[in-house]
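Chain and residue survey
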Amino acid sequence: AQKITQTQPGMFVQEKEAVTLDCTYDTSDQSYGLFWYKQPSSGEMIFLIYQGSYDEQNATEGRYSLNFQKARKSANLVISASQLGDSAMYFCAMRALSNFGNEKLTFGTGTRLTIIP
Amino acid sequence: DAGVTQSPTHLIKTRGQHVTLRCSPISGHKSVSWYQQVLGQGPQFIFQYYEKEERGRGNFPDRFSARQFPNYSSELNVNALLLGDSALYLCASSLIGNPNEKLFFGSGTQLSVL
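The following paragraphs examine the structure supplied in this document.

Conventions adopted
- Residues numbered from 1 in each chain as written.
- Chains lettered and ligands numbered in written order.
- Predicted model: local features only at pLDDT ≥ 70, side-chain atom pairs only at ≥ 80, totals over all residues.
- Heavy atoms only, no water.
- Helix = DSSP H or I, 4+ residues; strand = E, 2+ residues; numbered from the N terminus.
- Buried < 20%, exposed > 50% of the residue type's maximum accessible area, 1.4 Å probe, protein only.
- Salt bridge = Lys/Arg side-chain N within 4 Å of Asp/Glu carboxyl O.
- Disulfide = S-S within 2.5 Å.

The subject of this paragraph is unusual backbone geometry. In this structure, P8 of chain B follows S7 of chain B across a cis peptide bond, with omega equal to -10 degrees. For P8 of chain B, the position within the fold is in the loop between β1 (5-7) and β2 (10-13). If you check the backbone angles, K16 of chain A has positive phi at about 80 degrees while not being a glycine. A positive phi angle, near 70 degrees, is found at K52 of chain B, a position not held by glycine. As for its placement among the helices and strands, K52 of chain B is situated in the loop between β5 (44-50) and β6 (53-57). Accessibility expressed as a relative area gives 46% for K52 of chain B, which makes it partly exposed.

Structure (C-alpha cells):
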C-alpha cells in the first residue's frame with residue numbers, strides 16, 4: 001500500500017519569495033514515481049514535476065524543483081520567486097513503477113498556497 | 001489541440017438516481033482514468049481503462065462502473081446515488097498508460113446529490 005502525507009493544510013507566502021511544500025510518503029515498492037500537481041479553482045489538475053525513485057538528481061522544471069530525500073522518504077516541492085498565479089491547491093502523488101500499465105496515482109490531502117502581493 | 005474534456009461540468013441529482021459522466025481524452029491518448037475528489041481531500045482512484053479493457057479498479061462499490069469506447073472516450077456510471085457520492089469527478093488521459101507517464105486531467109464534473 002502507498003501513502004502520501006502533506007502536513008501543511010495552508011500556507012501564506014509573500015510574492016517573489018521562495019516556498020517549500022512538504023510531502024512525505026510510505027511505500028513497499030522498490031521502484032516508484034513521485035508527482036506534484038497544481039489545482040487552481042477551475043478544478044483541473046496541472047502536472048508540475050516528476051521524480052523517479054532511481055533518479056540520482058533532483059528534478060527541476062522551470063521555477064519548480066523537487067527536493068528528493070529517499071532515505072527520509074520525502075519529496076518536497078520548491079517554488080522559486082513565487083507569483084500571484086501560484087495561488088492554488090498543490091497535491092503530492094505517487095505511483096508504483098513495477099506494475100506496467102497500472103497508472104493509479106495515490107494523492108495526499110493537499111496544501112492550499114496563497115501568495116500575498 | 002484540445003485537452004481532456006468532460007461533460008457535463010455540473011450535475012445535480014437526488015438520492016437513488018443514476019448518473020453518467022463522459023470524458024474525451026486528448027487526441028492520440030489511449031488510456032483513461034477516473035478519480036473522485038471529495039471536498040477537502042485529494043483525488044481517489046476509481047478506474048483505469050486502456051484499449052477498452054479495465055486495467056485497474058480502486059476501492060469503490062459495484063455501484064460504480066465504467067467503459068471505454070473504440071474512439072477511447074469513456075463513461076463513468078454511478079447507480080443508486082448516495083449523498084456521499086457528491087464530489088468532483090476527474091478524468092485523466094495518457095498515451096499508453098505507462099507508470100512514469102504524466103496524466104493530463106480535465107476540469108471535472110461537479111456532482112451534487114441531494
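What follows covers the pattern of salt bridges. Taken as a whole and judged by the stated rule, the model has seven salt bridges over all chains. Of the charged contacts in the structure, one is a salt bridge between D86 of chain A and R63 of chain A, with a shortest N-O distance of 2.8 Å. With D86 of chain A in the loop between β9 (74-79) and β10 (88-96) and R63 of chain A in the loop between β7 (60-61) and β8 (64-69), this residue pair connects regions lying 23 residues apart in the sequence. Judged by relative accessible area, which is 2%, D86 of chain A ranks as buried. Residue R63 of chain A is classed as partly exposed on the basis of its relative accessible area, which comes to 23%. The salt bridge involving R67 of chain B is made with E75 of chain B; its shortest N-O contact spans 3.3 Å.

All names here are of chain B. A full pass over the atoms with the stated rule returns two disulfides over all chains. In this model C23 forms its disulfide with C91; the gap between the sulfur atoms is 1.8 Å. Judged by the sign of its S-S torsion, about -65 degrees, the bond between C23 and C91 is left-handed. You can see C23 sitting in strand β3 (residues 19-24) and its partner C91 sitting in strand β9 (residues 87-94), a full 68 residues away along the chain.

Keep in mind these numbers describe shape, not what the thing actually does.
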